[in-house]
Amino acid sequence: MKQGRLASTVEIDPWGSSQYQDYGRLRAQFGIEAFGTDDWQIFDEPHALLRRGVVFGHRDFQRVRDAIKDRDPWAVMTGLMPSGLMHLGHKMVIEQCIAHQKAGADLHIAVADFEAVAARGLSLEKARDLALDQYIRNYLALGLDPATAEVYFQTKRHRVKDLADRFATRVNLSQMQALYGFTGDTSIAHINAPLVQAADILHVQQPDLGGPRPVLVPVGVDQDPHLRLARDIAQQWRRFNIVQQHGEWTLTVKGEDKSRWLDVADAVLDHLGMGTRTDRKRNEKHGQIALGKQLRGRDVRALDRALAQAESKKGEMGFIRPSATFHRFMTGLTGDKMSSSRPESSVFLTDDPAEAQKKVMRSVTGGKETAEQQREEGGEPDKCPVYELYLYHVAQDDNHLDEVRTECLDGTRLCGGCKKEAAGLLFEFLKEHQERRDQTEHLVAEIVKDD
Ligand code: TRP
Ligand code: SF4
């Protein structure tokens, strides 16, 4: 399927198997932001994937940063499509979620069983079994805390399906084709799947699930079209919008009863201390309030958040546009994308540790033809799946990672020994992980909600 065309040469396909090489270019083409120096540093203990740039970009992460700074609530939302065994590439998102959970976010996990049926043709039963035994059990073993997390199934949560139906009333086929490259033979269920995902992402802002608040969705970059859709839908259903016109910030109201909504906005602005009613020019007819030229990004976000909360209190959707972070993909041990359908390329979390060790020993590397050449010229860690194993998974501290990298580059490290070290660390991780899988199995029932 052809995807994410947007006048670009790189295509993003959530259901495809492309490998992405140039993440800087992806950012530029799709408007994904690079992290600034004071973005993820807001965390007391930033996760290795953030520190090491594996998470290479974001959308609207500033909203999360504001919430952490102001000690306001924020949430993390993720989903999994249970189409096969869980491998190391799938482990990154949940590790990041667990770290955010520890930093105070509540966590919501969707089992995308609808998507697995619609896009992959699995049966619901198979999807359920895979989700519970593979993903959820592994998540718990990795440290997911049931106290502040919930897991639900898309097909069982009626409010998610209802919301997807509402969203569908304002999205047309051309938009879905432009975003996903759907063609005439795409099933209607498949076309619907991104709307269900938008509903997954947005419904956690419903009043009884915590109300409008920043929601971070950590994903692989292949999911970006879904995030763009969810963000557009969130704004589309808002009454208020804050826009900059000719250098002037303006609050606009959409839909019926503009006057009543302008009163709501005025009350919010008063409460936030943003000017007086006489400085703010209010235009009844167009449903606008002029806010002046001097608004900082942080003030705009704070206002947007307060307005969303006011909308929600009055029974509107009031969803704040969700934020996202994007991580790089793992290269498979065979040199192509790590994929559940190619066991040799992947290390599964339930692989026999000794088998996994052998897979690593057979991996392609960024090394040279001969040991002599490598001693002279050094290896290429940035083209090496074994280096990725260290970077993404087995190097616990950053000094160790630096050491592997430096030694590889200067030729003092050879691939045989390097693989052996990585394979040994992986063996230990898998052994302990699988013990934890048994110890935490009883928590599965506790974390899965029936609706
Ligand atoms: N489409 C995602 C995948 O293929 C699964 C998913 C469903 C999801 N709902 C979500 C991811 C909400 C993030 C947020 O893995
Ligand atoms: Fe990869 Fe290690 Fe060989 Fe360097 S020494 S190319 S990191 S296997």
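Notes on the structure in this doc start here. Along every chain, residues carry numbers that run from 1 in the direction the sequence is written. Ligands are numbered from 1 and chains lettered from A, in the order in which they are written. Local features in this predicted model are restricted to residues of pLDDT 70 or higher, and side-chain atom pairs are both shown and tallied only at a pLDDT of 80 or more, whereas totals for entire chains, interfaces and linings draw on every residue. The side-chain values count all of the structure's non-hydrogen atoms but skip hydrogen atoms and water molecules.

1. As for the site of ligand 2
Alright, step 1. Around ligand 2 lies a shell formed by Thr365, Gly366, Gly367, Gln374, Cys384, Val386, Tyr387, Cys408, Arg413, Leu414, Cys415 and Cys418.
Alright, step 2. Lys, Arg, Asp and Glu make up the charged group, whereas Ala, Val, Leu, Ile, Met, Phe, Trp, Tyr, Cys and Pro make up the nonpolar group; the residues left over, Gly among them, are polar. Here the shell around ligand 2 is built from residues that sort into seven nonpolar, four polar and one charged. Summary of the distance rule: residues count as near a molecule or strand when at least one heavy atom falls within 4 Å of that molecule or strand.

2. Looking at helix 11 (residues 258–272)
Alright, step 1. Taking 1.5 Å as the rise per residue, helix 11 with 15 residues should run 21 Å; its terminal C-alpha atoms sit 21 Å apart, in good agreement.
Alright, step 2. Every residue pair with non-hydrogen atoms within 4.5 Å of one another is taken to be in contact. Put simply, DSSP H or I for four residues or longer makes a helix, DSSP E for two residues or longer makes a strand, and each gets a number counted from the N terminus. Those residues of helix 11 that are buried lie in contact with strand 6 (240–245), strand 7 (248–253), strand 8 (281–283), strand 9 (288–292) and helix 12 (297–313).
Alright, step 3. Two residues or fewer after helix 11 comes glycine 273, characterised by a positive phi angle close to 70°. Each residue after the first adds 1.5 Å to the expected span of a helix.

3. Description of the sheet that holds strand 6
Alright, step 1. Each pair of strands is called paired provided DSSP finds at least two bridges between the two strands. With antiparallel pairing, the four strands of this open sheet are ordered in space as 6-7-9-8. For this open sheet the edge positions go to strand 6 and strand 8, each flanked by a neighbour on one side alone. Adjacent strand axes in the sheet meet at a mean angle of 25° when their direction is disregarded.
Alright, step 2. Looking at chain direction, strand 6 and strand 7 are connected through six bridges and run antiparallel. Note on definitions: angles span 0 to 180 degrees between N-to-C directions of axes, and those axes are lines fitted to C-alpha atoms, for helices only across the stretch in contact.

4. So, the sheet that holds strand 10 (residues 323–327)
Alright, step 1. Pairing in this open sheet of six strands is mixed, and the strands run 1-10-5-2-3-4 from one edge to the other. If you trace the sheet from one side to the other, it starts and ends with strand 1 (55–59) and strand 4 (149–153), each paired once. Recorded for the sheet is a direction-independent mean angle of 25° between the axes of neighbouring strands.
Alright, step 2. Judged from the four bridges that link them, strand 1 and strand 10 form a sheet pairing that is antiparallel. Counted as the bridge partner of arginine 59 is alanine 324 from strand 10.
Alright, step 3. Across the sheet, helix 3 (residues 61–69) is in contact with strand 1, strand 5 (215–220) and strand 10; its angle to strand 10 comes to roughly 115°.
Alright, step 4. Here helix 4 (residues 88–102) sits on the sheet and contacts strand 1, strand 2 (75–80), strand 3 (106–111), strand 4, strand 5 and strand 10; the angle it forms with strand 5, its principal contact strand, is near 160°.

5. Section: the pattern of salt bridges
Alright, step 1. Any carboxyl oxygen of Asp or Glu within 4 Å of a side-chain nitrogen of Lys or Arg constitutes a salt bridge here. A full pass over the atoms with the stated rule returns 43 salt bridges.
Alright, step 2. For arginine 157, the salt bridge is made with glutamate 150, and the minimal N-O distance between the two is 2.8 Å.
Alright, step 3. Each residue is assigned to one of three classes by its accessible area relative to the maximum for its type, calculated with a 1.4 Å probe on protein chains only: buried under 20%, partly exposed between the two thresholds, exposed over 50%. Residue arginine 157 is classed as buried on the basis of its relative accessible area, which comes to 5%.
Alright, step 4. Across the pair glutamate 380 and lysine 383 runs a salt bridge whose closest N-O atoms are separated by 3.4 Å.
Alright, step 5. Look at the salt bridges and you will find they share partners, linking Asp263, Asp266, Asp270, Arg277, Arg280, Arg282 and Glu284 into a network.

6. Thoughts on the site of ligand 1
Alright, step 1. With respect to spatial proximity, 14 residues lie near ligand 1, and among them Gly79, Glu115, Gln197, Asp200 and Gln223 are the closest.
Alright, step 2. For the purposes of these results, a polar contact is taken to be a pair of N or O atoms within 3.5 Å, where, inside protein, one atom must be able to donate a hydrogen and its partner to accept one; residues adjacent in sequence count only when each atom of the pair is a side-chain atom. Contact between ligand 1 and glutamate 115: a nitrogen atom at 2.7 Å from a side-chain N or O atom of the residue.
Alright, step 3. In the environment of ligand 1, a nitrogen atom lies 2.9 Å from a nitrogen or oxygen atom belonging to the side chain of glutamine 223.
Alright, step 4. Computed with the Shrake-Rupley method and a 1.4 Å probe, the accessible areas treat only the protein chains shown as cover for residues. Contact with the protein chains removes 91% of the 370 Å² of surface that ligand 1 exposes when unbound.
Alright, step 5. Only strand 2, helix 9 (188–203) and strand 5 provide two or more residues apiece to the shell around ligand 1.
Alright, step 6. Residue contributions to the shell around ligand 1 peak at four residues, all from strand 2.

7. Considerations on the packing of aromatic side chains
Alright, step 1. The aromatic pairing rule takes the rings of Phe, Tyr and Trp, using the six-membered ring of Trp, and pairs them if the centres are within 6.5 Å, calling planes under 30 degrees apart stacked, those over 60 edge-to-face and the rest tilted. According to the stated counting rule, one finds eight aromatic pairs in the structure shown.
Alright, step 2. Considering the side-chain rings of phenylalanine 167 and tryptophan 237, the 6.4 Å spacing of their centres and the 50° angle between planes classify their relative orientation as tilted. You can see phenylalanine 167 sitting in helix 7 (residues 158–168) and its partner tryptophan 237 sitting in the loop between helix 10 (224–236) and strand 6, a full 70 residues away along the chain. With respect to burial, phenylalanine 167 and tryptophan 237 carry one shared label: buried.

8. Considering unusual backbone geometry
Alright, step 1. Even without a glycine there, the phi angle at arginine 71 is positive, about 55°.
Alright, step 2. With respect to the secondary-structure elements, arginine 71 resides in the loop between helix 3 and strand 2.
Alright, step 3. A relative accessible area of 77% means that arginine 71 is categorised as exposed.
Alright, step 4. Its identity as a non-glycine residue notwithstanding, aspartate 257 has a phi of 55°, on the positive side.
Alright, step 5. Inspection of the secondary structure puts aspartate 257 in the loop between strand 7 and helix 11.

In short, shape yes, function no, at least from these values alone.
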